[in-house]
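Breakdown of the fold
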Amino acid sequence: MDFITDLARVGGHVTMLAIVDRFSKMADFIPYSKTISTEETNDLFLKNVFRLHGLREDITSDQGSQFISHFWRQLLQTFRTSVKLS
């Protein structure tokens, strides 16, 4: 998962969320506006990736562990799932 920014404006979008499956190398490219929150990223993921491919086992991003933590927390909250670590 990575964000590609400052692209040429197409349909009001200047940024793209790129999600690549490490095994199959299949990629989803999702356009959106300049800034995006964790909740909006979660919504894009659900509508464009989960709907087609299901839930991933893990996600790697250069956005940092805090972003991924917030993303996973928001995703699990959407499914009303709680994680209880032992």
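Here is what the cut-offs are and how they apply
- Counting of residues starts from 1 at the beginning of each chain's written sequence and follows it residue by residue.
- A pLDDT threshold of at least 70 governs which residues receive local features in this predicted model, and a stricter bar of 80 or more applies before side-chain atom pairs are shown or counted, although totals over entire chains, interfaces and linings include all residues.
- Processing note: side-chain calculations cover all non-hydrogen atoms of the structure and skip hydrogens and water entirely.
- In short, DSSP must find at least two bridges between two strands for them to pair.
- Only DSSP runs of H or I covering at least 4 residues are called helices, and only runs of E covering at least 2 are called strands; the numbering of each starts at the N terminus.
- Axes, fitted as lines to C-alpha atoms, cover a helix only where it is in contact. Angles between the N-to-C directions of the axes lie from 0 to 180 degrees.
- Scored from 0 to 100, pLDDT reflects the predictor's confidence in each residue.
- Buried, partly exposed and exposed residues are distinguished by accessible area as a fraction of the type maximum, computed with a 1.4 Å probe on protein chains only: under 20%, between the cut-offs, and over 50%, respectively.
- Nonpolar core, defined: a set of buried Ala, Val, Leu, Ile, Met, Phe, Trp, Tyr and Cys residues in which side-chain atoms within 4.5 Å join the residues together.
- In what follows, salt bridge is the name for a side-chain nitrogen of Lys or Arg lying within 4 Å of a carboxyl oxygen of Asp or Glu.

**Considerations on the sheet that holds strand β2 (residues 15-20)**
Reading across from one edge, β1-β2-β3 is the order of the 3 strands in this open sheet, with antiparallel pairing throughout. Of all the strands in the sheet, just β1 (2-4) and β3 (27-32) have a single pairing partner and so form its edges. In this sheet, adjacent strand axes meet at a mean angle of 25° when their direction is disregarded. For β2 and β3, the ladder comprises 6 bridges, and the chain directions are antiparallel. Bridged to I19 within β3 is D28.

**Brief notes about the confidence of the model for the protein chain**
On average, residues of the protein chain score 79 in pLDDT, and 84% of them reach the 70 mark or higher. Least confident of the elements in the protein chain is helix α2 (residues 65-78), whose mean pLDDT is 76; most confident is β3, at 88.

**Let's talk about unusual backbone geometry**
Glycine aside, the phi torsion of most residues is negative, and most peptide linkages are trans. Located in the positive-phi region is D6, a residue other than glycine, with phi close to 60°. Mapping D6 onto the fold places it in the loop between β1 and β2. We note that K25 has phi near 65°; this positive angle belongs to a residue other than glycine. In this structure, K25 sits in the loop between β2 and β3. Take K25: its relative accessible area is 59%, and that puts it in the exposed class.

**Focus on the nonpolar core**
Nonpolar side chains in soluble globular proteins tend to be buried together. In this structure, M1, L17, I19, I30, F45, F71 and L75 are the most contacted members of the largest nonpolar core, which totals 14 residues. Put simply, the parts of the chain that give this core at least two residues each are β2, β3, α1 (38-53) and α2.

**Some thoughts on the pattern of salt bridges**
Under the defined criterion, the tally for this structure stands at 1 salt bridge. Residue K47 pairs with D43 through a salt bridge whose shortest N-O separation is 3.2 Å. Here K47 pairs with D43, and both are found in helix α1, just 4 residues apart, close to one helical turn. Here D43 falls in the partly exposed class, since its relative accessible area comes to 35%.

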